[in-house]
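Summary of structural features
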Amino acid sequence: MFGIVRPCRHRLGEKLTSQWMAHLCGLCLALRGDHGQFARIVTNYDGLLISVLTEAQTTPGEAGRRTAGPCPLRGMRTASVAHGEGARLAAAVSLVLASAKVRDHVVDGDGLLARRPVARAARRVAASWDAAGARTGSAVGFDTALLVDAVDRQTGIEALAGPGTPILTVTEPTETATAAAFAHTAVLAGRPHNAAPLAEAGRLFGRLAHLLDAVEDLQADAASGAWNPIAATGTSLTEARRLADDAVHGVRLALREAEFTDGRLVHRLLVHELRTSVDRAFGTTTCAHTAGPDAANPYAPPGTGAPGGPGAPPPPEPPRGNRRGLLAGCAVWLGLACTCQMCCGTYHDPWTGQRKEGQCGNCDCSGCGDCCSCCDCCSNCCDNCGCDGCDCGCSC
């Protein structure tokens, strides 16, 4: 369940949380409907933004919704979920993104993928996801070759990048891919005049996704020797933060140029939650529900940063005696996945035995109860921001 936009239900409020879950479930079910149960593994938080954008531009009453059957993720309750071309486009993009992520891990030789038989199997899975994404993309008029080309160019650009290479050279393929996906939502919604501003928003979102992924992986990549764009280009965290902040501001300005029938969820996710994602990646905030006494500081020496931030110490290694073997761990993982325990509630890691929170419970709660940032200290109010869930009296 990867993605940089991981909203907290406390900040979204009941109504927007319900809408967000409708798109998350709609993406999952679109993947299952077109490509089988296994494809649901590529469900991700950023992919559902495509479905959100499509519906936000659609005339009220024409948005595709259907009632889905009981699911463990929803406590075995039925629910209204997103359905139609927006969800299918989100599925196509998610498949290609997941394929790229798998190939990237194969190239880096991460974990089991360092073994040749496993790497070969992973490449076959990635190729099948590329083909599946192309079929679904074609069905909604979107050429996923643009995404595949961007992924292929990424490898060559990274091979040539070194100290002094502008990091935006490295993020360009991701920017191009996300710009195309965002722009196509305007085509699906019948609002071609929105294509240009949404392409700009998508380009900057792609930049953010690449930058934040690099920041969050910086310490782990340094330990494993994996390639990281920030380390490879010699980009400072200060410069990376500046670029990330500029991208957040640019997304907000681009969205103002687009016409939405109901842009509240779009604004919440792509303005407020993007800002929170940047803070989380750079370790400048901690979860209000679980935060410890340490202050967050992206530039602090090791050991003084926020949990998970680039300056934070690595998590303690679990006792070796609690670890399961490969086959036993895989069997337990299969049981957890089939019953959705990895998505909701708590569970124990199949191999290490560590207690973990499910993806839907592990939301980023930083800033819960604080004033929303939609007005930039009330000096630059935005129109119709729809700050559902904010109780700060913000008058935007």
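All values derive from a computational prediction rather than experimental measurement.

Scanning the protein from N- to C-terminus turns up eleven helices and four strands. Looking at the 396 residues of the protein, the share that counts as buried comes to 47%. Expressed as a percentage of contacts within the protein between residues at least 6 apart in sequence, the contacts between residues at least 24 apart total 66%.

Right, let's talk about the packing of helix H1 (residues 9-35) against helix H3 (residues 85-108) for a bit. At their nearest, the axes of H1 and H3 sit 8 Å apart, and the two run at 75° to each other. Comparing their axes, H3 and H1 come out roughly perpendicular. For the pair formed by H1 and H3, the contact residues are Gly26, Leu27, Ala30, Leu31, Asp34 and His35 on the first element and Ala87, Arg88, Ala90, Ala91, Ser94 and Leu95 on the second. Of the residues in the contact of H1 with H3, the class split is seven nonpolar, three polar and two charged.

It helps to recall that an α-helix has 3.6 residues per turn; residues three or four apart then point in one direction. Its 24 residues place the ends of helix H4 (residues 116-139) 35 Å apart at the C-alpha level, agreeing with the 34 Å of an ideal helix rising 1.5 Å per residue. Along H4, the positions that sit buried rather than exposed are Ala119, Ala122, Ala126, Trp129, Asp130, Ala132, Gly133, Thr136 and Gly137. For H4, the secondary structure elements touched by its buried residues are H1, H3 and helix H5 (145-160). Among the residues trailing H4, Gly141 stands out with phi positive, at a value near 80°.

The next subject is the pattern of salt bridges. Side chains bearing opposite charge may pair, as long as their charged atoms lie close to each other. The tally for this structure, following the rule as stated, stands at 17 salt bridges. In this structure, Glu259 and Arg191 form a salt bridge, with 3.1 Å as the shortest nitrogen-oxygen distance. Here Arg191 lies in the loop between helix H6 (167-188) and helix H7 (195-224) and Glu259 lies in the loop between helix H9 (237-256) and helix H10 (264-281), a separation of 68 residues in the sequence. The class for Glu259 is partly exposed, based on a relative accessible area of 41%. Here Arg242 makes a salt bridge to Asp246, at a shortest N to O gap of 3.0 Å. Taken together, the positions of Arg242 and Asp246, both in helix H9 and four residues apart, correspond to about one turn of that helix. Residue Arg242 is classed as partly exposed on the basis of its relative accessible area of 40%. Overlapping salt bridges bring together Glu175, Glu200, Arg203 and Arg207 as one network.

Parameters at a glance
Residues numbered from 1 in each chain as written. Predicted model: local features only at pLDDT ≥ 70, side-chain atom pairs only at ≥ 80, totals over all residues. Heavy atoms only, no water. Helix = DSSP H or I, 4+ residues; strand = E, 2+ residues; numbered from the N terminus. Buried < 20%, exposed > 50% of the residue type's maximum accessible area, 1.4 Å probe, protein only. Contact = heavy atoms within 4.5 Å. Axes fitted to C-alpha atoms, helices over the stretch in contact; angles between N-to-C directions. Parallel < 35°, antiparallel > 145°, perpendicular 65-115°, else oblique. Nonpolar A, V, L, I, M, F, W, Y, C, P; charged D, E, K, R; others polar. Expected span 1.5 Å × (residues − 1). Salt bridge = Lys/Arg side-chain N within 4 Å of Asp/Glu carboxyl O.

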